[in-house]
Amino acid sequence: MADKKSVELLPPPVHVGIIMDGNGRWAKKRGLPRKFGHREGAKTFKTITRHAETLGIKYLTYYAFSTENWRRPQDEVDALMDLFDKYLDEFDSFIKDEVRIRFIGDRSGFSQHLRDKMKQKEDISAHFTKLNLIIAANYGGRDEITHAARSLAEDVKAGKLEPSDISEELLQSRLYTGPDIPSVDLIIRPSGELRLSNFLIWQSAYAEYYFNNILWPDFSKKDLEDAVAAYRTRNRRFGGV
Ligand code: IPE
Ligand code: IPE
Ligand code: MG
């Protein structure tokens, strides 16, 4: 524009985190058991992942099951584990499209069968770079930081590390996200809840947030576009001016 300084938009976010929330309420509204909401939410996961790639997103992390979600009734936990098992097979269609799959969280909570499947999907997609799809399963940010602290303490005890060697970078490299997954730029939480619920608490130190009232099974491609568009208008200062 000639006389008006045009607003500079940010490039699309490199790393987006999504808290898939509202499945239970979606089912309740329809008089269905909560597990039907999870099933529907899993379909949304596929649609949104496919769309994210077209928007230029490189890392996409989904909160699928938290360290606190074991508190739910056993039948709901069982339904979620069954769904996870089924979806692990469906990841093959992403892998065919050169999507790299990784899981973050404490795997010791899962059955050996699920653990083997998770490792298999990671191994066969390890060299792909088209999109990094990261699933947070039995994930908790506090658990992740505790786990990293323990790993550093073990190295100090073994004489491999001096306490003064411990930097932000070193601690970060011991998180489940490892040394290469970048900090999250944008966190999206639908369903009207305005909290992180222990998701990526270290990695989100300078994240931008986007909330809406849509229940996750109803979350559309347009909602993802709206979140990205809102992000691009933000002014990220990182403590500077
Ligand atoms: C999110 O939906 C899915 C998981 C936590 C696994 P919820 O099950 O939390 O749905 P609401 O929040 O009860 O509606
Ligand atoms: C966060 O949602 C966890 C996942 C989406 C996997 P919750 O529904 O468990 O969070 P709270 O309990 O409302 O904070
Ligand atoms: Mg919820």
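Our subject is the structure listed above.
Residues numbered from 1 in each chain as written. Chains lettered and ligands numbered in written order. Predicted model: local features only at pLDDT ≥ 70, side-chain atom pairs only at ≥ 80, totals over all residues. Heavy atoms only, no water.

Asks: Even after reading the chapter, I still don't get the packing of aromatic side chains, so can you show me in this structure?
Replies: How two aromatic rings sit relative to each other is set out by the distance from centre to centre and by the angle between their planes. A full pass over the atoms with the stated rule returns 18 aromatic pairs. Where Y62 meets W216, the ring centres are 6.3 Å apart and the plane angle is 70°; that geometry is what we call edge-to-face. Here Y62, found in strand β2 (residues 59–66), pairs with W216, found in the loop between β6 (208–211) and α7 (221–232); they are 154 residues apart in sequence, far enough to count as distant. Residue Y62 is classed as buried on the basis of its relative accessible area, which comes to 0%. Classification of W216 as buried rests on a relative accessible area of 0%. Between F91 and F103 the ring centres are 6.1 Å apart and the planes differ by 55°, which places this aromatic pair in the tilted class. Taken together, the residues span a long stretch of sequence, with F91 in helix α3 (residues 74–96) and F103 in strand β3 (residues 99–104) at a distance of 12 residues. Ring-pair connections join several aromatic residues into one group, and the members of that group are F45, Y62, F65, W70, F84, Y87, F91, F94, F103, F110, W216 and F219. A cation sits over an aromatic face here: R30 above W26, 3.9 Å from the ring centre. (Phe/Tyr/Trp six-rings, centres within 6.5 Å; stacked < 30°, edge-to-face > 60°. Helix = DSSP H or I, 4+ residues; strand = E, 2+ residues; numbered from the N terminus. Buried < 20%, exposed > 50% of the residue type's maximum accessible area, 1.4 Å probe, protein only. Lys NZ or Arg CZ within 6 Å of the ring centre and 35° of its normal.)

Asks: I keep staring at the site of ligand 1 and nothing clicks. Help me out?
Replies: Neighbouring ligand 1 are 13 residues, the closest being M20, D21, R25, R34 and R72. R34 is positioned such that a nitrogen or oxygen atom in its side chain is 2.8 Å from an oxygen atom of ligand 1. When isolated, ligand 1 has an accessible area of 380 Å², and the protein chains bury 87% of it. Ranked by the residues each element gives to the shell around ligand 1, the list is headed by helix α1 (residues 23–29), at 3 residues. (Near = heavy atom within 4 Å. Polar contact = N/O pair within 3.5 Å; in protein donor to acceptor, adjacent residues only side chain to side chain. Areas by Shrake-Rupley, 256 points an atom, 1.4 Å probe, with all protein chains shown as cover.)

Asks: What is the right way to read the pattern of salt bridges from this model?
Replies: Two side chains that carry opposite charge are able to pair once their charged atoms sit near each other. Within this structure, the stated rule accounts for 21 salt bridges. With a shortest N-O distance of 3.0 Å, R236 and D185 are connected by a salt bridge. Taken together, the residues span a long stretch of sequence, with R236 in the segment after α7 and D185 in the loop between α6 (168–173) and β5 (186–189) at a distance of 51 residues. We note that R236, like D185, is buried. Via salt bridges that share partners, D21, R25, R189, E193 and R195 belong to a single interconnected network. (Salt bridge = Lys/Arg side-chain N within 4 Å of Asp/Glu carboxyl O.)

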